[in-house]
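Take a look at the letters that make up each chain.
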Amino acid sequence: SRALVQIFKSGVDIHSETAQRHNLDRQKAKVLNLSAGYRITKWGMAHQLGVSVEEAEKELRAWWGLWPDLELWENNLITEARQTGYTTTLLGRRIYIDNLNTIDRKLKETAERRVIENQAQGSASEICQLAMIQLYKEGFNIVNQVHDSVVMEIEDDHVEAGIERAIDIMENMYPLEVPLKVTAKWGANWGDMEEYK
C-alpha cells in the first residue's frame, strides 16, 4: 500500500495514524494493525476487541478500507500460492502450504493466513539471520536470538560504539522501500534492560 509505505517512511506512529483515520483509540487501532493484516477472523477480532462479531466484522471492513492496496497485494499472494502451492520470502525461500485449495472453509482460511504470516515472518527472520552473520563477522558476541531480537554481550568500554554499529548493521542489512527501525536496549543483565537513547 502506497499510503502505508508513506506513513512508515515519514516516521509517524502507525497505530496513532490508524486510530485517527479509523476514529478509534490507539490500543484498539494497534490490535487491528497487528491482527487484521494477518487475516484474523471476525470471531478472533471480536474476542480481541471485546465486541460483538457484527461489530468486529464492521471494524475489519473499515480497516481494510483504509489500506485497499494491501488487501489487493495479499489477495495476489494468496492466488499465486494457490497456483504454486507455496509462498516465497524476500530472499527467495519457498515455504510450502497445504490446504489452499480445499473445500473446507476453515482449513482454507487457515492456509491463507499462513501465506501472509510465512511470507512476512519468514522474510523478517531471514533478514535477522543475515544481520546476525554480519554481527558475528564483525566480532560481536551473540548470546541468543529471541524472535526478531538479538541478545549480545559487549565489553564495557565499547558499549555505546558497539550498540551504534549493531543498529547500523541491522537497519541496513537488506534494502527495503520501508526503512527498518531497530530499538536497542542495554543493561547488565536481561532483567535490567533499559532503552538505549
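Note that the structure is predicted; figures quoted are calculated from it, not measured.

1. Description of the confidence of the model for the protein chain
With 99% of its residues at a pLDDT of 70 or more, the protein chain shows a mean pLDDT of 93. Mean pLDDT across the secondary structure elements of the protein chain bottoms out at helix H1 (residues 2–10), with 86, and peaks at strand E2 (residues 94–96), with 97.

2. Structural notes on the pattern of salt bridges
Two side chains of opposite charge can pair, provided their charged atoms sit close to one another. On inspection of all chains with the given rule, the structure shows 11 salt bridges. Across the pair Arg 105 and Glu 109 runs a salt bridge, and its minimum N-O distance is 3.3 Å. Remark: Glu 109 and Arg 105 occur in helix H7 (residues 105–137); sequence separation between them is four residues, near one turn of the helix. Residue classification places Glu 109 among the partly exposed residues on the basis of a relative accessible area of 25%. A single network of salt bridges, built from pairs that share partners, joins Lys 42, Glu 57 and Arg 61.

3. A short note on the side chain of Glu 59
Positionally, Glu 59 belongs in helix H5 (residues 53–66). Notably, Glu 59 is buried but unbridged: the nearest opposite-charge side chain belongs to Lys 58, and the N-O separation is 6.0 Å. When neighbours within four sequence positions are excluded, Glu 59 is seen to be in contact with His 22, Leu 24, Leu 32 and Leu 49.

4. Quick word on the side chain of Ser 123
By the secondary structure assignment, Ser 123 is in helix H7. By relative accessible area, Ser 123 is classed as buried at 5%. Polar side-chain contacts of Ser 123 include one of 2.7 Å to the backbone oxygen of Gln 119. Here Ser 123 is in contact with Thr 89, Leu 90 and Asn 118, once residues within four sequence places are set aside.

5. Looking at the packing of H7 against helix H8 (residues 159–171)
Remark: H7 packs on H8, axes separated minimally by 9 Å, with the N-to-C direction vectors making an angle of 140°. With respect to their mutual orientation, H7 and H8 come out oblique. Here the hand of the crossing between H7 and H8 comes out right-handed. Of H8, the residues touching H7 (which contributes Ala 131, Gln 134 and Leu 135) are Ala 166, Ile 169 and Met 170. Looking at side-chain class alone, the contact of H7 with H8 contains five nonpolar, one polar and no charged residues.

What counts as what
Residues numbered from 1 in each chain as written. Predicted model: local features only at pLDDT ≥ 70, side-chain atom pairs only at ≥ 80, totals over all residues. Heavy atoms only, no water. pLDDT = per-residue confidence, 0-100. Helix = DSSP H or I, 4+ residues; strand = E, 2+ residues; numbered from the N terminus. Salt bridge = Lys/Arg side-chain N within 4 Å of Asp/Glu carboxyl O. Buried < 20%, exposed > 50% of the residue type's maximum accessible area, 1.4 Å probe, protein only. Lys, Arg positive; Asp, Glu negative; His and termini not counted. Contact = heavy atoms within 4.5 Å. Polar contact = N/O pair within 3.5 Å; in protein donor to acceptor, adjacent residues only side chain to side chain. Axes fitted to C-alpha atoms, helices over the stretch in contact; angles between N-to-C directions. Parallel < 35°, antiparallel > 145°, perpendicular 65-115°, else oblique. Left-handed = near helix turned anticlockwise from the far one by under 90°. Nonpolar A, V, L, I, M, F, W, Y, C, P; charged D, E, K, R; others polar.

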